[in-house]
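Chain and residue survey
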Amino acid sequence: MTSPPSDARPYDRGRGGGEPEDPHALLDRARRLSAAGGHPAAGGAWERAATALRRAGGAITPADHADALDATALDCRGGARPAAETLFSHAAELHERSGQLGKALISRARALVTGPEPGATVCAGLAELGERAAGLHAAGRATVAQTATVLLLRCRARADLLDTTPDPAAEAAALGGDLDRLVAFALPHRADPAVLGPLSDSRALLGRVTAPDDPPSALAHLRAAVADHGASGRPWPPTEAELLLAGVLRATGARAEAATVLRTAVGSGEENTLLRAADRARLRLALARTLEGPETSDGLDPRGGDGGDSGNGGDGLDRGHGRPRRPGGEEVVSLLTEAVRLSDRSGEDPRIGVLARLRLGSAHAARGRWQEAAAVLEQVLAGPARDGDEAARVRARAWLAFCALRLGEPERAARQYALAAAEARLRADSRHGAALSHRAAHALGTAGAPEKSARAYERAADLWRSVGDHGAAARSLRARARQVRTAWGAARAEVILEEALREAQRGLRGVPASAERERLRAELVRIREELTDLVAPGADDDTGPGLWLPPDPYEVSGRYQVNVYGDVGGAGPPAATAPGTRVQGCV
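1. Things to note about the overall build of the protein chain
If you tally the helices and strands in the protein chain, you get 23 helices and 0 strands. Relative to its full complement of 587 residues, the protein chain shows a buried share of 56%. A separation threshold of at least 6 residues defines the contact pool for the protein chain, and within that pool the share at least 24 residues apart is 65%. Roughly 23,600 Å² of accessible area belongs to the protein chain as shown, and the carbon and sulfur atoms make up 52% of that amount.

2. Quick notes on the pattern of salt bridges
What the rule picks out here adds up to 42 salt bridges. Note that arginine 158 and aspartate 178 form a salt bridge whose closest N and O atoms lie 2.6 Å from each other. Note that arginine 158 is positioned in helix H7 (residues 144–160) and aspartate 178 in helix H8 (residues 168–186), a separation of 20 residues in sequence. With a relative accessible area of 11%, arginine 158 lands in the buried category. Glutamate 530 is the partner of arginine 482 in a salt bridge, and the nearest nitrogen-oxygen pair spans 3.3 Å.

3. Considering the packing of aromatic side chains
Counted according to the given criterion, the structure contains 2 aromatic pairs. Taking 5.6 Å as the distance between ring centres and 55° as the angle between the ring planes, the aromatic pair formed by tryptophan 370 and phenylalanine 402 counts as tilted. Here tryptophan 370 is found in helix H16 (residues 370–382), whereas its partner phenylalanine 402 is found in helix H17 (residues 390–406), with 32 residues between them in sequence. Both residues of the pair, tryptophan 370 and phenylalanine 402, belong to the buried class. Arranged with centres 5.1 Å apart and planes meeting at 70°, the rings of tryptophan 399 and phenylalanine 402 form a pair that is edge-to-face. With tryptophan 399 and phenylalanine 402 both in helix H17, this residue pair falls 3 residues apart, about one helical turn. Judged by relative accessible area, which is 1%, tryptophan 399 ranks as buried. Here phenylalanine 402 falls in the buried class, since its relative accessible area comes to 0%. Of the aromatic side chains, those joined through ring pairs into one cluster are Trp370, Trp399 and Phe402.

4. Section: the nonpolar core
Counting residues in each nonpolar core, the largest one holds 46 residues, and the members touching the most others are Leu262, Leu283, Leu285, Leu287 and Leu336. Of all the secondary-structure elements, those providing two or more residues to this core are helix H10 (215–231), helix H11 (239–251), helix H12 (255–271), helix H13 (277–292), helix H14 (329–346) and helix H15 (350–366). Ranked by residues supplied to this core, first place goes to H13 with 9 residues. Residues contacting leucine 262, with those up to four places away along its chain left out, are Leu243, Ala246, Arg250, Leu283, Ala286, Leu287 and Thr290. Counting residues in hydrophobic clusters, the runner-up holds 35 residues, among them Leu358, Trp370, Cys403 and Ala441.

5. Section: the side chain of arginine 208
The topology assignment puts arginine 208 in helix H9 (residues 193–210). Residue arginine 208 is classed as buried on the basis of its relative accessible area of 6%. In this structure the side chain of arginine 208 is engaged in a polar contact, spanning 3.5 Å, whose partner is the backbone oxygen of alanine 159.

6. Points about helix H23 (residues 514–531)
With 18 residues, H23 should cover 26 Å at 1.5 Å per step; its first-to-last C-alpha distance of 26 Å lies within 8% of that length. Looking at the buried residues of H23, the elements they touch are helix H21 (470–488) and helix H22 (490–509).

7. Comments concerning H8
For H8, which comprises 19 residues, the first-to-last C-alpha distance of 26 Å matches the rise-based estimate of 27 Å (1.5 Å per residue) to within 8%. Among the residues of H8, Ala172, Leu175, Gly176, Gly177, Leu179, Leu182, Val183 and Ala186 are the ones counted as buried. Check the buried side of H8 and you find it contacts H7 and H9.

8. Some details on the packing of helix H19 (residues 431–446) against helix H20 (residues 450–466)
In the contact formed by H19 and H20, the axes pass within 8 Å of each other and the chain directions differ by 165°. As far as their axial angle goes, H20 and H19 are roughly antiparallel. For H19 against H20, the interelement crossing comes out left-handed. Packed against H19, whose contacting residues are Arg431, Gly433, Ala434, Ala435, Ser437, His438, Ala441, His442, Leu444 and Gly445, the element H20 presents Lys452, Ser453, Ala456, Tyr457, Ala460, Leu463 and Trp464 at the interface. Of the residues that constitute the contact of H19 with H20, the class distribution is 9 nonpolar, 6 polar and 2 charged.

9. Comments concerning the environment of threonine 51
Tracing the backbone through its elements, the reader meets threonine 51 in helix H2 (residues 42–55). Taking C-alpha positions, threonine 51 is 8.3 Å from proline 23, a pair spaced 28 residues apart along the chain.

10. Concerning the environment of leucine 219
Within the element layout of this structure, leucine 219 appears in helix H10. On the basis of relative accessibility, which here comes to 12%, the residue leucine 219 falls in the buried class. Counting along the chain gives 11 residues from leucine 219 to arginine 208, while the straight-line C-alpha distance between them is 9.3 Å. Sequence-distant contacts of leucine 219, that is, excluding residues within four places in its chain, are made with Leu245, Val248 and Leu249.

Calculation rules
- Every chain begins its residue count from 1, and numbering advances along the sequence as written.
- Given that the model is predicted, a residue must reach a pLDDT of at least 70 before its local features are reported, and side-chain atom pairs must reach 80 or more before they are shown or counted; all residues, however, enter totals for whole chains, interfaces and linings.
- With hydrogens and water set aside, each side-chain value is computed from the structure's full complement of heavy atoms.
- Here a helix means four or more residues in a row that DSSP labels H or I, a strand means two or more in a row labelled E, and each is numbered from the N terminus.
- Exposure categories follow from relative accessible area, calculated using a 1.4 Å probe and restricted to protein chains: below 20% of the type maximum is buried, above 50% is exposed, and the middle band is partly exposed.
- Whether two residues touch is decided by their heavy atoms; if any such pair falls within 4.5 Å, the residues are in contact.
- All accessibility values rest on the Shrake-Rupley procedure with a 1.4 Å probe; residue burial counts only the protein chains present in the view.
- Throughout this description, the term salt bridge denotes a Lys or Arg side-chain nitrogen within 4 Å of a carboxyl oxygen of Asp or Glu.
- Centres within 6.5 Å make a pair out of two Phe, Tyr or Trp rings, where for Trp the six-membered ring is used; the pair is then stacked when the planes are under 30 degrees apart, edge-to-face when over 60, and tilted otherwise.
- Definition of nonpolar core: a set of buried residues of the types Ala, Val, Leu, Ile, Met, Phe, Trp, Tyr and Cys, connected through side-chain atoms within 4.5 Å.
- Identification of polar contacts relies on pairs of N or O atoms within 3.5 Å, with a donor-acceptor requirement for protein atoms, meaning one able to donate a hydrogen and the other able to accept it, and with residues adjacent in sequence counted only if both atoms are side-chain atoms.
- Residue count minus one, scaled by 1.5 Å, sets the expected span of a helix.
- Convention adopted: a line fitted to C-alpha atoms gives each axis, helices being fitted over their contacting stretch, and angles between N-to-C directions are expressed from 0 to 180 degrees.
- Any angle between 65 and 115 degrees counts as roughly perpendicular, while under 35 counts as roughly parallel, over 145 as roughly antiparallel, and the rest as oblique.
- In a left-handed crossing the near helix is turned counterclockwise from the far helix by less than a right angle, and in a right-handed crossing that turn is clockwise.
- When residues are grouped by polarity, Ala, Val, Leu, Ile, Met, Phe, Trp, Tyr, Cys and Pro land in nonpolar, Asp, Glu, Lys and Arg in charged, and all others, Gly among them, in polar.

What follows is the structure, encoded as structure tokens:
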């Protein structure tokens with residue numbers, strides 16, 4: 001029997017690590033678990049059975065060997081995932097040799113999905129396998145469950161590519177039609193527990209595909225998926241369907257019902273040893289998100305004020321007033337603390353741990369626990385840098401700077417803001433770099449370094465100009481003038497204020513939207529007041545950065561993609577379905 005990859009889930013060796021006394025009983029158990037279709041304990045059961053048979057002088061048959069390889073491949077997660085393709089391919093050969101053609105097609109389909117080929121090539125191969133499965137079923141050589149599983153795998157691959165097509169909505173409608181037909185194909189056979197598994201998964205995928213365009217239908221599909229999973233007798237929880245169901249409920253405003261769904265899932269997961277630590281962490285992250293609101297509430301106002309004029313703060317990224325309001329109380333902190341612990345224990349995808357720490361750090365900060373927040377956020381920066389981590393590091397540094405200001409450490413805050421701005425400037429959206437540069441300048445001014453602050457404000461103004469935000473550029477210039485006046489006198493400050501005035505007027509000539517027009521007019525008033533010395537040096541500074549939304553870590557941009565919280569088309573790290581960008585999961 002082929003050994004599992006070193007970082008696959010460890011095999012169950014039995015109580016105390018001893019070998020079983022009855023190898024045939026263990027072999028029967030391994031067969032039952034494989035027949036359940038993806039049972040998380042099947043791989044361990046096959047290893048124990050094979051070891052016991054070898055000790056007794058026997059060996060497993062090619063058919064059993066194929067099932068064991070399938071179970072082992074399904075355990076390949078995280079860094080072990082590339083090994084799954086070879087295991088599935090070998091399993092397919094053994095299935096064919098044993099005359100199990102339906103099982104062979106499933107293994108070949110899974111090998112395609114876990115392999116390195118691009119999505120379009122995979123879909124073409126899966127389409128061919130689907131036709132072969134339908135032909136075998138018509139000839140009575142493949143079961144309904146086997147045929148449905150092959151067709152479902154193709155539908156999943158297509159779902160992951162929806163946002164790459166020329167017309168995603170049309171392709172989603174076509175995929176939805178195919179899934180409807182797949183459900184109709186399986187439904188007459190739902191008395192067979194083996195059919196209820198792929199039926200449940202098909203309905204869950206149908207809910208995902210319809211969620212952006214028809215949320216009520218998506219809710220119906222997802223509720224049916226959860227019910228079918230329970231009726232199938234599968235002893236492991238339907239975590240993906242539960243996360244999707246809660247995500248659609250959140251999107252439709254039913255946050256209380258979403259919280260109920262997730263609390264039930266968390267509670268049942270506590271009693272279910274088959275639920276992986278990574279999924280336990282995801283459920284807690286999703287429940288915390290449901291209780292406290294989305295990450296768009298994570299606006300950062302270093303002064304704890306109202307974010308500046310008209311609640312906008314002049315940086316074009318503000319979404320509200322005051323320090324981030326965080327409902328959910330201590331339950332949210334407890335959930336996020338447990339999510340950090342579970343993600344560390346899992347080791348399956350480090351991004352889950354990064355996310356959990358970011359949310360826990362911001363939860364501590366929003367509750368005034370600056371030291372606790374800083375300690376958690378430092379862990380994000382202490383970890384190894386990986387592709388796609390840039391936004392997470394920007395967010396961590398921004399929150400660290402926020403905490404440093406509240407702790408009376410403006411120099412440290414300025415350093416973190418400057419480092420965050422340097423990383424943010426590498427992103428396509430330069431507004432984050434501009435907003436962070438403004439914040440670095442504000443912190444330097446608070447630290448009593450007007451010369452450095454003035455130069456940082458100049459950088460911020462240049463960045464705002466580069467993205468065409470004249471109002472924010474004028475605000476940065478007006479803030480720069482205050483620092484210039486402190487460092488070099490009123491005459492040089494007047495030159496900067498004249499430049500700020502021209503910048504604001506340039507923005508008004510661009511025929512902005514009404515809200516932006518009002519912001520520009522208000523900025524013009526303030527500039528003219530300072531030019532006429534109506535606001536004397538040392539008066540209250542209203543040029544602070546205000547609220548700002550840090551970039552989303554591992555953000556999902558596609559309308560039909562699913563993030564780790566179960567939101568379809570939502571921001572945040574992607575869920576476990578697409579190679580390269582998703583949290584790895586079972587095929």
